[in-house]
Amino acid sequence: LRMLHGHFQAAEQPLRDALDLAGTDSPASVWAKGWMMFCLYLQEKHGRVQHEARDLAEYARNPAMRQVSHLRLILALSHLALGQTRRGTEMLSTVGRARGLWGEAALAILEKTPAACWEDLPVGANPLTEALFLVGEGHARLGDDDLACEYFEACDRHPSGRAMTRRIAQLRLDERRG
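Residues numbered from 1 in each chain as written. Predicted model: local features only at pLDDT ≥ 70, side-chain atom pairs only at ≥ 80, totals over all residues. Heavy atoms only, no water.

Notes on the environment of Ala 108
So, step 1. Looking at where Ala 108 falls in the secondary structure, it is placed in helix H7 (residues 101-110).
So, step 2. For Ala 108, a relative accessible area of 2% puts it in the buried group.
So, step 3. Excluding residues that lie within four positions of it along the chain, Ala 108 makes contacts with Thr 113, Trp 118, Val 135, His 139 and Tyr 151. (Helix = DSSP H or I, 4+ residues; strand = E, 2+ residues; numbered from the N terminus. Buried < 20%, exposed > 50% of the residue type's maximum accessible area, 1.4 Å probe, protein only. Contact = heavy atoms within 4.5 Å.)

Some remarks on unusual backbone geometry
A negative phi angle characterises most non-glycine residues, just as the trans form characterises most peptide bonds.
So, step 1. Unusually for a residue other than glycine, Glu 44 sits at a positive phi of about 65°.
So, step 2. Along the chain, Glu 44 turns up in the loop between helix H2 (27-42) and helix H3 (46-52).
So, step 3. Classification of Glu 44 by relative accessible area gives partly exposed; the value is 42%.
So, step 4. Of note, Lys 112 is a non-glycine position whose phi angle comes to about 55°, a positive value.

Describing the environment of Ala 148
So, step 1. Along the chain, Ala 148 turns up in helix H9 (residues 145-157).
So, step 2. The buried category is assigned to Ala 148, whose relative accessible area is 0%.
So, step 3. Linking Ala 148 and Arg 176, residues 28 residues apart in sequence, is a C-alpha distance of 9.3 Å.
So, step 4. Among residues more than four places away in sequence, those in contact with Ala 148 are Gly 136, His 139, Ala 140 and Arg 176.

Focus on the pattern of salt bridges
So, step 1. The tally for this structure, following the rule as stated, stands at nine salt bridges.
So, step 2. Residue Glu 90 pairs with Arg 86 through a salt bridge whose shortest N-O separation is 3.3 Å. Of this pair, Glu 90 and Arg 86 both sit in helix H6 (residues 85-96), separated by four residues, roughly a single helical turn.
So, step 3. Note that Asp 145 and Arg 176 form a salt bridge whose closest N and O atoms lie 3.3 Å from each other. Highlighted residues: Asp 145 in helix H9 and Arg 176 in helix H10 (residues 163-177), separated in sequence by 31 residues. (Salt bridge = Lys/Arg side-chain N within 4 Å of Asp/Glu carboxyl O.)

Considerations on the side chain of Lys 33
So, step 1. Looking at the element boundaries, Lys 33 is found in helix H2.
So, step 2. Within the structure, Lys 33 has its side chain in polar contact with the side chain of Glu 52 (distance 2.9 Å). (Polar contact = N/O pair within 3.5 Å; in protein donor to acceptor, adjacent residues only side chain to side chain.)

Structure, rendered in C-alpha coordinates:
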(Lines give C-alpha, C1' and ligand atoms only; values in the text may rest on other atoms or scores of the structure.)
Protein backbone atom coordinates (compact mmCIF):
# COMPACT_ATOMS: atom_id res chain seq x y z
CA LEU A 1 0.00 0.00 0.00
CA ARG A 2 2.85 2.39 0.70
CA MET A 3 4.13 2.02 -2.84
CA LEU A 4 0.61 2.44 -4.28
CA HIS A 5 0.43 5.87 -2.67
CA GLY A 6 3.93 6.84 -3.82
CA HIS A 7 5.57 6.39 -0.42
CA PHE A 8 8.50 4.42 -1.78
CA GLN A 9 10.98 5.33 0.92
CA ALA A 10 8.52 4.22 3.61
CA ALA A 11 8.16 0.88 1.81
CA GLU A 12 11.88 0.11 2.02
CA GLN A 13 11.97 -1.12 5.64
CA PRO A 14 9.03 -3.54 5.34
CA LEU A 15 10.64 -4.91 2.17
CA ARG A 16 13.99 -5.22 3.96
CA ASP A 17 12.20 -7.09 6.77
CA ALA A 18 10.62 -9.44 4.21
CA LEU A 19 14.06 -10.10 2.72
CA ASP A 20 15.49 -10.88 6.14
CA LEU A 21 12.66 -13.31 6.87
CA ALA A 22 12.88 -15.03 3.49
CA GLY A 23 16.63 -15.58 3.53
CA THR A 24 18.40 -16.05 0.21
CA ASP A 25 17.38 -19.52 -0.84
CA SER A 26 13.64 -19.30 -1.41
CA PRO A 27 11.30 -17.99 -4.10
CA ALA A 28 9.99 -15.57 -1.45
CA SER A 29 13.45 -13.99 -1.29
CA VAL A 30 13.38 -13.33 -5.05
CA TRP A 31 9.90 -11.84 -4.72
CA ALA A 32 11.03 -9.52 -1.89
CA LYS A 33 14.25 -8.64 -3.72
CA GLY A 34 12.27 -7.77 -6.86
CA TRP A 35 10.00 -5.40 -4.95
CA MET A 36 12.98 -3.85 -3.16
CA MET A 37 14.85 -3.26 -6.42
CA PHE A 38 11.70 -1.90 -8.12
CA CYS A 39 11.08 0.44 -5.17
CA LEU A 40 14.67 1.73 -5.30
CA TYR A 41 14.51 2.05 -9.09
CA LEU A 42 11.38 4.20 -8.85
CA GLN A 43 13.21 6.48 -6.41
CA GLU A 44 16.10 6.86 -8.89
CA LYS A 45 18.42 5.13 -6.38
CA HIS A 46 20.26 3.25 -9.09
CA GLY A 47 23.48 2.74 -7.13
CA ARG A 48 21.44 0.99 -4.46
CA VAL A 49 19.71 -1.13 -7.10
CA GLN A 50 23.13 -2.28 -8.21
CA HIS A 51 24.07 -3.01 -4.58
CA GLU A 52 20.88 -5.07 -4.08
CA ALA A 53 21.75 -7.04 -7.22
CA ARG A 54 24.87 -8.51 -5.63
CA ASP A 55 22.95 -11.74 -4.83
CA LEU A 56 21.81 -12.40 -8.40
CA ALA A 57 24.51 -14.97 -9.15
CA GLU A 58 23.54 -16.90 -6.02
CA TYR A 59 19.85 -16.79 -6.94
CA ALA A 60 20.57 -17.87 -10.51
CA ARG A 61 22.21 -21.10 -9.33
CA ASN A 62 18.88 -22.29 -7.91
CA PRO A 63 16.60 -23.57 -10.71
CA ALA A 64 13.51 -22.77 -8.62
CA MET A 65 14.33 -19.05 -8.88
CA ARG A 66 12.64 -18.32 -12.19
CA GLN A 67 12.17 -14.62 -11.44
CA VAL A 68 15.89 -13.82 -11.60
CA SER A 69 15.33 -12.43 -15.11
CA HIS A 70 12.99 -9.84 -13.60
CA LEU A 71 15.73 -8.69 -11.22
CA ARG A 72 18.26 -8.54 -14.04
CA LEU A 73 15.85 -6.47 -16.14
CA ILE A 74 15.52 -3.89 -13.35
CA LEU A 75 19.31 -3.89 -12.96
CA ALA A 76 19.76 -3.34 -16.71
CA LEU A 77 17.40 -0.35 -16.57
CA SER A 78 19.39 1.07 -13.66
CA HIS A 79 22.57 0.81 -15.73
CA LEU A 80 20.81 2.71 -18.52
CA ALA A 81 19.61 5.34 -16.03
CA LEU A 82 23.20 5.88 -14.89
CA GLY A 83 24.33 6.43 -18.48
CA GLN A 84 25.99 3.01 -18.65
CA THR A 85 24.39 2.27 -22.00
CA ARG A 86 26.77 -0.44 -23.12
CA ARG A 87 26.49 -2.35 -19.84
CA GLY A 88 22.71 -1.89 -19.78
CA THR A 89 22.18 -3.12 -23.33
CA GLU A 90 24.51 -6.09 -22.75
CA MET A 91 22.46 -7.05 -19.73
CA LEU A 92 19.21 -6.60 -21.70
CA SER A 93 20.65 -8.97 -24.30
CA THR A 94 21.41 -11.53 -21.58
CA VAL A 95 17.90 -11.21 -20.12
CA GLY A 96 16.48 -11.47 -23.64
CA ARG A 97 17.87 -15.00 -23.93
CA ALA A 98 15.74 -16.08 -20.95
CA ARG A 99 12.38 -17.67 -21.57
CA GLY A 100 9.28 -15.95 -20.33
CA LEU A 101 7.84 -12.51 -19.85
CA TRP A 102 10.98 -10.73 -18.67
CA GLY A 103 13.05 -12.06 -21.57
CA GLU A 104 10.35 -10.84 -23.96
CA ALA A 105 10.40 -7.45 -22.22
CA ALA A 106 14.16 -7.13 -22.67
CA LEU A 107 13.87 -8.04 -26.36
CA ALA A 108 11.03 -5.53 -26.82
CA ILE A 109 13.40 -2.81 -25.62
CA LEU A 110 16.32 -3.91 -27.79
CA GLU A 111 14.23 -4.59 -30.90
CA LYS A 112 11.93 -1.56 -30.50
CA THR A 113 8.84 -3.77 -30.61
CA PRO A 114 5.55 -1.81 -30.76
CA ALA A 115 3.32 -2.08 -27.68
CA ALA A 116 0.47 -3.45 -29.80
CA CYS A 117 2.41 -6.73 -30.09
CA TRP A 118 1.82 -7.26 -26.35
CA GLU A 119 -1.97 -7.15 -26.41
CA ASP A 120 -2.58 -10.90 -26.58
CA LEU A 121 0.20 -12.27 -24.39
CA PRO A 122 -1.08 -15.14 -22.23
CA VAL A 123 0.18 -13.82 -18.87
CA GLY A 124 -1.46 -12.48 -15.74
CA ALA A 125 -2.56 -8.87 -15.58
CA ASN A 126 -0.18 -7.77 -12.83
CA PRO A 127 3.03 -9.08 -14.42
CA LEU A 128 1.90 -7.75 -17.80
CA THR A 129 1.35 -4.20 -16.54
CA GLU A 130 4.74 -4.26 -14.86
CA ALA A 131 6.38 -5.58 -18.03
CA LEU A 132 4.71 -2.88 -20.13
CA PHE A 133 5.93 -0.26 -17.66
CA LEU A 134 9.50 -1.59 -17.60
CA VAL A 135 9.65 -1.75 -21.41
CA GLY A 136 8.45 1.86 -21.47
CA GLU A 137 11.22 2.74 -19.02
CA GLY A 138 13.78 1.03 -21.24
CA HIS A 139 12.68 3.01 -24.27
CA ALA A 140 12.69 6.23 -22.25
CA ARG A 141 16.21 5.51 -20.93
CA LEU A 142 17.40 4.90 -24.50
CA GLY A 143 15.86 8.16 -25.69
CA ASP A 144 12.86 6.84 -27.61
CA ASP A 145 10.06 8.86 -26.02
CA ASP A 146 7.47 7.88 -28.63
CA LEU A 147 7.83 4.17 -27.88
CA ALA A 148 8.10 4.89 -24.16
CA CYS A 149 4.77 6.73 -24.25
CA GLU A 150 3.22 3.93 -26.29
CA TYR A 151 4.15 1.42 -23.56
CA PHE A 152 3.14 3.71 -20.69
CA GLU A 153 -0.24 4.24 -22.38
CA ALA A 154 -0.68 0.47 -22.84
CA CYS A 155 0.16 -0.04 -19.17
CA ASP A 156 -2.26 2.68 -18.08
CA ARG A 157 -5.05 1.28 -20.29
CA HIS A 158 -4.73 -2.25 -18.95
CA PRO A 159 -8.04 -2.70 -17.11
CA SER A 160 -7.06 -5.29 -14.54
CA GLY A 161 -3.40 -4.55 -13.96
CA ARG A 162 -1.76 -3.51 -10.72
CA ALA A 163 -3.03 -0.04 -9.76
CA MET A 164 0.38 1.12 -8.53
CA THR A 165 2.11 0.33 -11.81
CA ARG A 166 -0.68 1.96 -13.80
CA ARG A 167 -0.44 5.07 -11.59
CA ILE A 168 3.31 5.36 -12.11
CA ALA A 169 2.87 4.89 -15.88
CA GLN A 170 0.38 7.77 -15.85
CA LEU A 171 2.93 9.95 -14.02
CA ARG A 172 5.57 9.07 -16.61
CA LEU A 173 3.14 10.06 -19.38
CA ASP A 174 2.37 13.35 -17.64
CA GLU A 175 6.12 14.08 -17.35
CA ARG A 176 6.60 13.52 -21.08
CA ARG A 177 3.57 15.52 -22.12
CA GLY A 178 4.57 18.33 -19.78
